[in-house]
Amino acid sequence: MTEWKEYLGFMAMLISIGTVIWSWITSPAKKTASDLEVYKKQNAEEMKALLEAVRELGRRTQTIEGEMKHLPDAKAFMDMRLEIAQQTGKLGRMEEALTSTSRTVLQVQDYLLKSNVA
């Protein structure tokens, strides 16, 4: 019986030492697991925010691309510059004609005033 007591005492001691070692080894694993869960939650939230930002950026890009289709390209811009230059030339010629017409009207007015016809 005493042999069994010694053997059981030795087994109890081994079990208690094993339990201490096991809890010492698994304790960081539990903390790591809880840290991992926290990280997963934060990562999920950040990914959701990033995906929303990417979607918003995609919408904004589509809007800008849609608006840019209506803007003139380099060729159209050059054509507009040429048209404006032509219109400026036409306005200059019209101004000359208007000046000569104005001079003629003033001469007729002076003649009428001097001849006392009016």
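Residues numbered from 1 in each chain as written. Predicted model: local features only at pLDDT ≥ 70, side-chain atom pairs only at ≥ 80, totals over all residues. Heavy atoms only, no water.

Trainee: Describe in detail the overall build of the protein chain, supporting the description with residues and values.
Mentor: Secondary structure summary: the protein chain contains two helices and zero strands in total. Computed over C-alpha atoms, the radius of gyration of the protein chain comes to 48 Å, more than 25% over the 13 Å expected from 2.2 N^0.38 for 118 residues, which places it beyond the range of a compact globule. For the protein chain, the spread of C-alpha atoms along the principal axes amounts to about 160 × 30 × 15 Å. Residues classed as buried in the protein chain amount to 1% of the 118 residues present. Total accessible area computed for the protein chain in this model is approximately 11,400 Å², and 66% of it derives from carbon and sulfur atoms. Averaging the coordinates of the 16 positive side-chain charges in the protein chain and doing the same for the 16 negative ones gives two points 3 Å apart. (Helix = DSSP H or I, 4+ residues; strand = E, 2+ residues; numbered from the N terminus. Rg over C-alpha atoms; globule rule 2.2 N^0.38 Å. Buried < 20%, exposed > 50% of the residue type's maximum accessible area, 1.4 Å probe, protein only. Areas by Shrake-Rupley, 256 points an atom, 1.4 Å probe, with all protein chains shown as cover. Lys, Arg positive; Asp, Glu negative; His and termini not counted. Charge placed at Lys NZ, Arg CZ, Asp CG, Glu CD.)

Trainee: Any details on the pattern of salt bridges? Residues and values, ideally.
Mentor: For side chains bearing opposite charge, pairing can occur when the charged atoms are close. One pass over the structure, following the stated rule, counts four salt bridges. A salt bridge links Glu52 to Arg55; its shortest N-O distance comes to 3.9 Å. On the criterion of helical spacing, the pair formed by Glu52 and Arg55 is a turn pair, its members being three residues apart in helix 1 (residues 2-68). Look at Arg55 and you get partly exposed, because its relative accessible area is 48%. Between Glu56 and Arg59 there is a salt bridge whose closest N-O contact spans 2.9 Å. (Salt bridge = Lys/Arg side-chain N within 4 Å of Asp/Glu carboxyl O.)

Trainee: Report on helix 2 (residues 74-115), specifying residues and quantitative values.
Mentor: Along its 42 residues, helix 2 runs 61 Å from first to last C-alpha, staying within 8% of the 62 Å computed at 1.5 Å per residue. Of the residues flanking the end of helix 2, it is Asn116, one or two places downstream, whose phi is positive at about 60°. (Expected span 1.5 Å × (residues − 1).)

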